[in-house]
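# Coordinates in review
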Amino acid sequence: MNDTHFKRMKDLPSTHLLGTGTPMCAGCGGLQAINDIYDILGEKTVFINAAGCMTLLSVYPFTPFRGSWLYTAMASAPAGAQGVRDALDILLEKKKIGQEENLTAVVLTGDGSAYGMGLSATSAAIDRNLDFIYICYDNEGYGNTGQQYSSATPHGARTSTSSGSMGYPGFKKDLFSIWAAHKPTYVATVIGAEPLDLARKIEKAAQLKGPRFIITLSPCPTGWGFDPQETMQIGKLAVKSGVWPLKEYIDGKIIHTKVPKIRMSVEDYLATQFRFAHLFKPERNTRLIDEIQGRVDEYWDHVS
Amino acid sequence: MMLARRLLTGNGAAAWAARLAQVDYIPAFPITPQTEIIETLSRWIDNGEIPGKLVTLESEHSMITAAGAAAATGVRVFTATSSQGLLYGMEMLYTVAGWRVPFVLINVSRALASPVTLEPDHNDVLAARDSGFLQIHCATCQEVLDITLMAYRLSEDARVRLPAIVNEDGFYLSFTREPVYIPDADEVKDFIGEFDSENMQFRASAPTSQAVAVLGGSPYSYFRYESHLAAENARIVFDEICDEFEQRFGRKYGALESYHVDDADYVIFMVGCFATKAKAAVDSLRKAGWKIGLLRPRLLRPFPGEKISQLLAGKKGVAVIDQNLSMGKGGILHCELASVLYGNKDAPPVLMSFIGGLGGRDISQEEFFEIAKQLKQASETNEIPAPRLLYTVDELRQIHKLQAIAHVERAILNRDHQNPDSHE
């Protein structure tokens, strides 16, 4: 991290590359992260998108991107990146285009695609050592259709398809580990609320070759139930409570990039969101809160 | 012109077409009976015989995505699949057709599950009928090669810009060796030309958004109809390409193969390689004094409706043999044909429907003769029989035998479950 351009907050870009006026919800934590990511990746990119909220970024005839864009389908954005990358390589090799025309293939999907339908295509893209960057904005549910639970939904969260008193009975899938188990070039978790950590990781990813992965936890005002102005605060709480560990996988090692010195209780995080309101009202569900806390503690117990 | 003629399977002919078309990129996925195509191309690439890059994806859904994405970036793409693979990729067939990316996909027809089987019929490729892909059906190995070359011209034509499916029947064509003329590579290069991506490409100096969403039915309708008009254009463009192909290579094709149709009273209407069996039956019947012919569309999308109407005008009767089945309706080609004939004052008064050749089930010469007989009878009595399945009494007897065995086995199994010690 010594060679980073981003040593302190004021090193971050002060103007954004991504255009404004998109149809994303106010306070969208995913868009917040993409704004920061795009500043670093730049316009010599082609974003290959799968069905999700961000599909609505580019609606004919408008786009906030200064670079290129290709919408594919929900399951196969990494295969789209394969086609684009291979075609660019063929054109470069045949000298039909020069290096100055080259682009970085960037897959952009939500958790619905990344954790579920698109996982097979992603796994295979790593097998093929595809040179691309994958950005998953993870708002922990099928947000674009009204926040039904996905395999990224945390245990106990209420969604529109887990509306009972215990919320979602399943557990958030550990996509970071699944991706890392493939031994790709790079995997990192980020969050828009920690822009310096995010910038350093995107900067690092951009300098590497091969399959590179970023999961950004994306606080979602409409899906999680909070006021849009709280996105930043909730993001910070996700990190400080240890719910969202900031880490990276590189050269076979996992490094935690921001270990909370004193971890706040998960309750402080859960209490900010309507999707967990049933843990506190009408009466406090201590057992479930403790269970969630226990899982977070157990995770950090294993972090050396 | 040096003419090389060699024995090639349909799959071999397809691979040769890709080679001669100098395709840049081949996204692949194995499936019977298509696999020989990608194996052949892979071997040529690995041996350094041809340039190009072949990548095996993890599914046909991804394969077709990669094919479309590569074409959208600006290279010439070839791909191939069959049956379940075509259906697994179906979402992307519709999707990439809407991208208006030109490339060629060979479908080696194989019947669909369930029950699962390996042998051919046309339900797989006809499921792609409304996808926006152009669709051309072959009946010989030579056609597989020649039509695939023409499909590149058609797909890449500025008036069309749609991907194309070239269909060859599994097993009967894919694995049957026939003598095939392999055209000279330079002449093919001259015929097809360099790939022109037009304005569809991804370049750093010219950022572009492709395949973006639309809001509302109005832009949606506009772009969908544009694709329809492009497919309609392909009808004229295909004729032009066939003429040029004939001048250059001496083999004549067209949207339709019309065999003894001009003076015929009765016509058999079907697609695919079983039509060659129908041709043999037409020859026999002609010898016996019948005025009968065969009309075989190569082009199914766009459908050459006007030409078909003209060729069938004044005929006494037409029998459609559908190697497919739309449950609850019947033969798909029968419907397609009826829709173009209806209301024409010279339309044949008798239009009969037969379903045959499902799952590779053969169609015998005797059955063609019987179809001809029934066609004549219907014309004379003006009574058109209901659609029927080509199926013999003997086949039914065989099925009943299998069912009897299944019942006996089930009974033994049940008895053993109730009384585990009853084994002898």
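Computed from a predicted model, the values in this text were never measured in an experiment.

## Things to note about helix α8 (residues 231-240) of chain A
Within α8 of chain A, burial applies to T231, I234, G235, L237, A238 and V239 of chain A. Looking at the residues trailing α8 of chain A, positive phi occurs at G242 of chain A, about 85°.

## Regarding unusual backbone geometry
Cis geometry is adopted by the peptide bond preceding P61 of chain A, which originates at Y60 of chain A and carries an omega value of 0°. Cis geometry marks the peptide bond from A113 of chain B to S114 of chain B; its omega dihedral reads 5°. Along the chain, S114 of chain B falls in the loop between β5 (104-109) and α6 (123-126). A positive phi angle, near 60°, is found at E140 of chain A, a position not held by glycine. Within the fold, E140 of chain A resides in the loop between β4 (132-138) and α5 (175-181). On the basis of neighbour count, E140 of chain A is assigned to the buried category, with 26 C-beta atoms found within 10 Å. The backbone of A211 of chain B sits at a positive phi, close to 60°, despite the residue not being glycine. Inspection of the secondary structure assignment puts A211 of chain B in the loop between β9 (209-210) and α9 (217-249). Look at A211 of chain B and you get buried, because 23 C-beta atoms sit within 10 Å.

## As for the domain arrangement of chain B
Looking at chain B, the domain boundaries give domain 1 (4-249), domain 2 (256-389) and domain 3 (394-422). Domain 1 of chain B and domain 3 of chain B are separated by 46 Å when their C-alpha centres are compared.

## Structural notes on the nonpolar core
Membership of the largest hydrophobic core comes to 217 residues, with the highest contact counts inside it found for V84, V106 and I214 of chain A. Residue contributions to this core peak at nine residues, all from helix α7 (residues 141-156) of chain B. The two domains that each donate at least three residues to this core are domain 1 (4-249) and domain 2 (256-389) of chain B. In this view, I214 of chain A contacts I133, Y134, I135, C136, A188, V190, K201, I202 and A205 of chain A; residues no more than four positions away in its chain are not counted.

## Comments concerning the sheet that holds strand β15 (residues 350-355) of chain B
Residue and element names in this part refer to chain B. Spatial ordering of the open sheet is given by β10-β12-β11-β14-β15-β16, a layout of six strands whose pairing is mixed. Two strands lie at the open edges of the sheet, namely β10 (256-259) and β16 (388-389), each paired on one side alone. Relative to β15, strand β14 (residues 317-322) is paired through six bridges, and the arrangement is parallel. For V320, the partnering residue across the bridge sits in β15 and is S353. Against the sheet, helix α11 (residues 305-312) touches β10, β11 (266-269), β12 (292-297) and β14, its axis set at about 10° to β10.

## So, the confidence of the model for chain B
Mean pLDDT over chain B stands at 97; residues scoring 70 or higher make up 98%. Predicted as a complex, the structure gets a pTM of 0.97 and an ipTM equal to 0.97.

## So, the pairing of β11 of chain B
Two faces, one strand: in a regular strand the side chains alternate between the faces of the sheet. All names here are of chain B. Alternating positions in β11 separate into two faces, Y266 and I268 on one and V267 and F269 on the other, with burial throughout. Across four bridges, β11 lies against β12 in parallel orientation. Bridge pairing in β12 links F269 to L295. The handedness of the β11 to β12 crossover, carried by helix α10 (residues 275-287), is right-handed. Pairing of β11 with β14, which is carried by four bridges, proceeds in the parallel orientation. Each residue of the ladder has a partner; that of V267, found in β14, is V318.

## A short note on the interface of chain A and chain B
Contact residues are listed per partner, giving 38 residues for chain A and 37 residues for chain B. Breaking the side of chain A that touches chain B down by element, the ones donating at least two residues are β2 (68-71), α2 (77-93) and α4 (119-127) of chain A. With 10 residues, the top contributor of residues to the side of chain A that touches chain B is α2 of chain A. Classifying every residue of the side of chain A that touches chain B by side-chain character gives 19 nonpolar, 12 polar and seven charged.

## With respect to the environment of L56 of chain A
In this fold, L56 of chain A is placed in the loop between β1 (45-49) and β2. For the pair L56 of chain A and A193 of chain A, spaced 137 residues apart in the sequence, the C-alpha separation amounts to 23 Å. Once residues lying within four places of it in the same chain are set aside, the contact partners of L56 of chain A are P23 of chain A together with A213 of chain B.

Conventions used here
Residues numbered from 1 in each chain as written. Chains lettered and ligands numbered in written order. Predicted model: local features only at pLDDT ≥ 70, side-chain atom pairs only at ≥ 80, totals over all residues. Buried ≥ 20, exposed ≤ 12 C-beta atoms within 10 Å, placed from the backbone. Helix = DSSP H or I, 4+ residues; strand = E, 2+ residues; numbered from the N terminus. Domains from an automatic or database assignment. Core = buried A, V, L, I, M, F, W, Y, C linked by C-beta atoms within 7 Å. Contact = placed C-beta atoms within 7 Å. Pairing = 2+ DSSP bridges. Axes fitted to C-alpha atoms, helices over the stretch in contact; angles between N-to-C directions. pLDDT = per-residue confidence, 0-100. Right-handed = clockwise from strand over helix to strand, strands pointing away. Nonpolar A, V, L, I, M, F, W, Y, C, P; charged D, E, K, R; others polar.

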